[in-house]
Amino acid sequence: VSKGRDIALGLTAVLAIGLASCRSPGAQLDRSRREAASWAASAQWAASAWAANQVPIAYAQDSVDLACQSIREERAKVARLSGKVGSAGPQHLEHLDRLRDILDPMAAALRRADREAVTSLLRPLAERQQELSGALRSADRAP
Amino acid sequence: VKNLLKVALGIATSIGGFLEVGSISTAAQAGASYGFQLVWAVVLATVLVMFLVEMSGRLAACSGHPLAAAVRERFGFRFQVVPLVAETVLDGLVLAAEVGGVCIALHLMTGVSARWWAVPVALGAWLLLWRGTFGAIENGVSLLGLLAVVFVLAAWRLHPPWTEAARGLVPSLSAEDPARYSFLAVSILGATLSPYLFNFYSSGAVEDEWDETHLGVNRATAVLGMAFGGVMSLGILVTAALVLRPRGIQVESYHQAALMLTPVFPFWGFVLFAVVLGVACFGAVLEIALNMAYLQAQSLGWDWSENLRPKDDARFSLVYTVALALSASLMVLGVDPLRLTLLAMSLTVIVLPLIVVPFLVIMNDEKYLGEHRNGLLGNLVVLGITLLGFLLAVVAVPLQVAGGS
């Protein structure tokens, strides 16, 4: 009986924490930061792998295009949240815009197969990713 | 020597057939998002699948019945309708996800849009089923699936922190997005415990004319084959945890997982990933399409065998033809294979009790199993894990849907 009760309590805890995380705008903002950082890292890795002749250009193009599309979607989601998350919302929007300012030219450079242009954008892209990861770490540390 | 070869072949095909789109994507997502924290889910699912596969083979060897035929005979057709519909819908979703997996693999290798590959993939699978025999399909494609051992090799060469990885054997809650964590745990269970596996395995045993002398082969195949299969899933999880997680990459698309082998195999890693994904999913396409035909034929009392010519079991052949056509259509319409996979895997766990409970009743029936009925341990393990997975799924799936990703 006690084992059954423990399982029931565990599941209730999952439900409660989960519901809280689903509804909280702060949690949604965290998820958005994590996804944006993840897409930035993926695009950076795919582009540098192409620059090192490890993957076909179509893969690098797709990865960067997918990242651009996901960042646009994240931006729309965060815009809907603004007002509910204080100054963190506009700050994240700014991070997303700066990320897009690198990803869009990178996508164009890949379409031209311009290896030099792609290589020159790798470092700024890594910096934008660090910026997002840093914001995520600060949010995790906040009470 | 001949028996040993038979056992080795059985084990090899089980290992090769273990990995498919669900196990690859859920293990990669789990490792990338939560490190080693979800190791317990892979181990739990592997233990349960060992029991269920062993039971499926024992049922076929002792009674000459595959699972669906035994359920129909024992409980009647009216009862059979519910698991039949549930499994048909699930198999259809998983089949579409597997076709999608092959299409993505071909897209990664060629750059040609995944949608364009759906029809050729379905046609290729249909041709093999139409012209091939059960043995050729089971042995050929599953043996190719052994290529997935590259993930274990990669995990080994990345020198994982074993103590930290072993801590993942103990179930724990994650503070980081717990709804997604629970959903992934459920998806891992669903990916390993796909109902098609049990009916396919028992139908294969009937096709291969197993009898009670095959019980040892069956046990070795179920335990060793599934255990090694589980090790391959863990190989993917560990590789993702060591390669993707430190880079902050979460797997929301197959493109994000495609480079996970490159730190170990710099120039072959990308191609290896695509080939393993493609081969594993193509093997699963053949098995699931065939299982859908087995399931309908055995539930409705038609003639069935992959070893018969299509004109001798026309309705059987029609089922896999229609199933492949419908699954290809879903991909042509642009359904996201990764999302479809996760949906199918989580629904599997919700539907699983409908399939497992009648199965357990039959496995305890002396009329079917004689002296080889289930023991108390087998009943408790299977029922316990199935119900636990069901409860977790009932909570986690709505949460993930509400969470909106």
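Criteria and cut-off values
- Residues numbered from 1 in each chain as written.
- Chains lettered and ligands numbered in written order.
- Predicted model: local features only at pLDDT ≥ 70, side-chain atom pairs only at ≥ 80, totals over all residues.
- Heavy atoms only, no water.
- Helix = DSSP H or I, 4+ residues; strand = E, 2+ residues; numbered from the N terminus.
- Buried < 20%, exposed > 50% of the residue type's maximum accessible area, 1.4 Å probe, protein only.
- Contact = heavy atoms within 4.5 Å.
- Areas by Shrake-Rupley, 256 points an atom, 1.4 Å probe, with all protein chains shown as cover.
- Expected span 1.5 Å × (residues − 1).
- Phe/Tyr/Trp six-rings, centres within 6.5 Å; stacked < 30°, edge-to-face > 60°.
- Core = buried A, V, L, I, M, F, W, Y, C linked by side-chain atoms within 4.5 Å.
- Salt bridge = Lys/Arg side-chain N within 4 Å of Asp/Glu carboxyl O.
- Axes fitted to C-alpha atoms, helices over the stretch in contact; angles between N-to-C directions.
- Nonpolar A, V, L, I, M, F, W, Y, C, P; charged D, E, K, R; others polar.
- Disulfide = S-S within 2.5 Å.
- Parallel < 35°, antiparallel > 145°, perpendicular 65-115°, else oblique.
- Lys, Arg positive; Asp, Glu negative; His and termini not counted.
- Polar contact = N/O pair within 3.5 Å; in protein donor to acceptor, adjacent residues only side chain to side chain.
- pLDDT = per-residue confidence, 0-100.

(A) Region of interest: the overall build of chain A. Assigned secondary structure in chain A consists of 5 helices and 0 strands. For chain A, the sequential pattern of α-helices and β-strands runs α-α-α-α-α. Within the span of chain A, comprising 143 residues, buried residues form 43% of the whole. Of the contacts made within chain A by residues no fewer than 6 positions apart, 74% connect residues no fewer than 24 positions apart. Total accessible area on chain A stands at roughly 7,100 Å², and carbon and sulfur atoms take up 53% of it.

(B) Up close: helix α11 (residues 195–207) of chain B. Residues and elements named next belong to chain B. Across its 13 residues, α11 extends 19 Å between first and last C-alpha, which sits within 8% of the 18 Å expected from 1.5 Å per residue. Judged by how many residues are buried, α11 sits mostly within the fold: 12 of 13 residues are covered. Among the residues making up α11, those that are buried are P195, Y196, L197, F198, N199, F200, Y201, S202, S203, G204, A205 and E207. Immediately downstream of α11, the backbone of E209 shows phi near 55°, a positive value.

(C) Representation of the packing of aromatic side chains in the model. Residue and element names in this part refer to chain B. Under the defined criterion, the tally for this structure stands at 10 aromatic pairs over all chains. Taken together, a centroid distance of 4.7 Å and an interplanar angle of 25° make the contact between F75 and F79 stacked. Under the relative-accessibility criterion, F75 is labelled partly exposed at 26%. What links up through ring pairs into an aromatic cluster is the set F200, Y294, F316 and Y320.

(D) Molecular detail of the nonpolar core. L103 of chain A together with L38, L52, L59, L244, M260 and F273 of chain B are the most contacted members of the largest nonpolar core, which totals 178 residues. In terms of residue count, the dominant contributor to this core is helix α14 (residues 269–300) of chain B (19 residues). Excluding residues that lie within four positions of it along the chain, M260 of chain B makes contacts with W45 of chain A together with A28, F151, I236, T239, A240, V243, L244 and F273 of chain B.

(E) Representation of the environment of R123 of chain A. All names here are of chain A. Checked against the element boundaries, R123 lands in helix α5 (residues 115–141). Here R123 falls in the exposed class, since its relative accessible area comes to 65%. Spatially, the C-alpha atoms of R123 and Q44 are 8.7 Å apart, while their sequence positions differ by 79 residues.

(F) Molecular detail of the pattern of salt bridges. Scanning the entire structure with this criterion turns up 16 salt bridges over all chains. In this structure, R75 of chain A engages D97 of chain A in a salt bridge whose closest nitrogen and oxygen atoms are separated by 2.6 Å. Within this pair, whereas R75 of chain A is found in helix α3 (residues 57–81), its partner D97 of chain A is found in helix α4 (residues 88–111), the two being separated by 22 residues in sequence. In this structure, D312 of chain B engages R309 of chain B in a salt bridge whose closest nitrogen and oxygen atoms are separated by 3.6 Å. One network of salt bridges, with partners in common, ties together E94, R98, R128 and E131 of chain A.

(G) Structural context of the packing of helix α4 (residues 67–75) of chain B against helix α5 (residues 77–110) of chain B. Residues and elements named next belong to chain B. Viewed as axis vectors pointing N to C, α4 and α5 meet at an angle of 145°, and their least axial separation amounts to 7 Å. Here α4 contributes A68, V71, R72 and F75 to the contact with α5, which in turn contributes F77, F79 and Q80. Residues of the contact of α4 with α5, tallied by class, amount to 5 nonpolar, 1 polar and 1 charged.

(H) Expanded view of the state of the cysteines. Residue and element names in this part refer to chain B. One pass over the full model with this rule turns up 0 disulfides over all chains. Free of any disulfide, C103 has its nearest neighbouring cysteine sulfur in C281, separated by 9.5 Å. Residue classification places C103 among the buried positions, given a relative accessible area of 1%.

(I) Layout of unusual backbone geometry. Phi at N53 of chain A takes a positive value of approximately 60°, unusual for a residue other than glycine. By the secondary structure assignment, N53 of chain A is in the loop between α2 (25–51) and α3. Positioned with a positive phi, E209 of chain B is a non-glycine residue whose angle comes to about 55°. Structurally, E209 of chain B can be placed in the loop between α11 and α12 (215–243).

(J) Here's a closer look at the packing of α4 of chain B against helix α16 (residues 337–363) of chain B. Residues and elements named next belong to chain B. Relative to each other, α4 and α16 sit at 75°, their axes nearing to 10 Å. Comparing their axes, α16 and α4 come out roughly perpendicular. Here α4 contributes L67, A70, V71, R74 and F75 to the contact with α16, which in turn contributes P358, F359, V361 and I362. Here the contact of α4 with α16 is built from residues that sort into 8 nonpolar, no polar and 1 charged.

(K) Region of interest: the side chain of E20 of chain B. Residues and elements named next belong to chain B. When you line up the elements, E20 lands in the loop between α1 (2–18) and α2 (21–34). Although E20 is buried, it forms no salt bridge, and the closest oppositely charged side chain is R180 at an N-O distance of 17 Å. A distance of 3.0 Å separates a polar side-chain atom of E20 from the backbone nitrogen of S23. The contact partners of E20, leaving out residues within four places of it in the chain, are E98, A191, Y196, A280, A284 and M345.

(L) Expanded view of the confidence of the model for chain B. Residue and element names in this part refer to chain B. In this model, chain B carries a mean pLDDT of 88, and residues with pLDDT of at least 70 account for 94%. Per-element mean pLDDT across chain B ranges from 67 in α1 up to 95 in helix α8 (residues 149–157). Scored as a whole, the predicted complex attains pTM 0.89, and scored at its interfaces, ipTM 0.83.

(M) Spotlight on α4 of chain A. For α4 of chain A, which comprises 24 residues, the first-to-last C-alpha distance of 34 Å matches the rise-based estimate of 34 Å (1.5 Å per residue) to within 8%. Immediately beyond the C-terminal end of α4 of chain A, within one or two residues, lies A113 of chain A, with a positive phi of roughly 55°.

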